Amino acid sequence: MSESDKLPEDSELNRLYRSGRHEAPSDALDQAVLSEARRATAKYRNRWIVPLSSAALILLGIGLSLPLIDLDIYDEHQHMPAPAPQAESIYESDQALQKPALPTAPASGAVELRNQAVPAPQADLAAPPRMEQRAKAKRAPEREPLREVPEAVLQSIDREQSDLTPELWLAEIEALIASGQDQAARHSLNGFMSTYPDYPLPESLLIWQSGH
Amino acid sequence: MSDEEPSDEALFRLFRKGDDRAFETLYQRYRQTLYLFLLRSASSAGDADELYQDVWSRIITAGKQFDGGSFKAYAFRIARNLIIDRHRRGSLTLVTDLATVHEPVQPGKSMEEQLQDEECSERMKRQIGQLPAEQREVFLLKEEAGLTLAQIAAMVDVGRETVKSRMRYALKQLRKLLEECL
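Residues numbered from 1 in each chain as written. Chains lettered and ligands numbered in written order. Predicted model: local features only at pLDDT ≥ 70, side-chain atom pairs only at ≥ 80, totals over all residues. Heavy atoms only, no water.

Undergrad: Report on the packing of helix H1 (residues 8-16) of chain B against helix H2 (residues 20-42) of chain B, specifying residues and quantitative values.
TA: Residue and element names in this part refer to chain B. Running from N to C, H1 and H2 point in directions that differ by 140°, and their axes come no closer than 8 Å. Put simply, H1 runs oblique to H2. The way H1 lies across H2 gives a crossing that is left-handed. For the pair formed by H1 and H2, the contact residues are Asp8, Leu11, Phe12, Leu14 and Phe15 on the first element and Ala22, Phe23, Thr25, Leu26, Arg29 and Tyr30 on the second. Looking at the contact of H1 with H2, its residues break down into eight nonpolar, one polar and two charged. (Axes fitted to C-alpha atoms, helices over the stretch in contact; angles between N-to-C directions. Helix = DSSP H or I, 4+ residues; strand = E, 2+ residues; numbered from the N terminus. Parallel < 35°, antiparallel > 145°, perpendicular 65-115°, else oblique. Left-handed = near helix turned anticlockwise from the far one by under 90°. Contact = heavy atoms within 4.5 Å. Nonpolar A, V, L, I, M, F, W, Y, C, P; charged D, E, K, R; others polar.)

Undergrad: So what's going on with the interface of chain A and chain B? Which residues, and what values?
TA: At the interface, 35 residues of chain A touch 51 residues of chain B. Summing both partners gives a buried area of about 4,000 Å² for chain A against chain B, and 58% of it is carried by carbon and sulfur. Considering only the side of chain A, the residues that lose the most area to chain B are Leu7(A), Tyr17(A) and Glu23(A), jointly responsible for 19% of the buried surface there. Counting across the chain A and chain B interface gives 10 salt bridges. A salt bridge links Arg40(B) to Glu23(A); its shortest N-O distance comes to 3.1 Å. Secondary-structure elements contributing two or more residues to the side of chain A that touches chain B are helix H1 (11-19) and helix H2 (27-46) of chain A. (Buried area = accessible area lost by both parts, 1.4 Å probe. Salt bridge = Lys/Arg side-chain N within 4 Å of Asp/Glu carboxyl O.)

All quantities given are derived from atomic positions and should not be read as evidence of function.
Here it is, written out as structure tokens:
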């Protein structure tokens, strides 16, 4: 500190001043101040209690209600009017949740398609609990394909064929059968029958259908 | 203060978190010096007591306003502001009430010497009380609070040279009046 930063001093006056420093606050004054401080510190300590307990309650509430919400979803699903053949097993209906149903395919067709991919019925018994399955489905996007022909292909066929005349559509189905694409032909035929339920099928298709 | 002792500011932060003992330590550090500053400024034990409790009350309840600088400067700024407020309201007694001052007996000194010391000490207190307010304030902030030139200048809101000038006048006046005691 330089001289210019110092205050003027007088050591003798300073000594005289120091010799007279004997007064102090009374005990009563001390106690009054300290009591006020203790009251204040109690407040400071307690100020966290309300927000902390509120946060804990909210977390507890969320923790308790989440499983209930999950169960509600399954309950609703179980109470929904089941498209009879699709809800044959819980496992199937869960898979149906994962995979949107084909809009034009009738129920019997869907069962047929699934039967190709779904293992034997004993698998239902060995299937993990629903919650577990759901969690698995959430974290594992890869799953066993339901059918050999990709769904996108079938849907595009549906879209294209619905624009065709009945004659042309039937000709296409027959072409699919001729080229050995039985699954696509069956799918297309199902679509045709739901679009034109009263249209008479050619004998060759009726024979092919009964053979399958 | 040794390195192991927490600073005033650290104690004050602990107090704000609810630590009673931190406040007690802090209180012991400033108990006497704040009281004497108020007593010399007010020159009445009754006023000093009242002001003293007000100062600590402000420190306790208005902790959020502490700007994180020096706690000592913060505490004495509160004390100074309360003195000014009280003086403006005209309720502050500026005459020394010597009857309330207690002086202990000093061992190792003759009765005559002790009486002379006491007389000089009382005269000094009286003369401090008679100084112009600006000079007394600077003198006490230096001698009692131990604030630096920069801290006093910032608190009083005047230039450093002004503070030095006020201090020089105060010392000159006191030396002149207390010559036989020095």
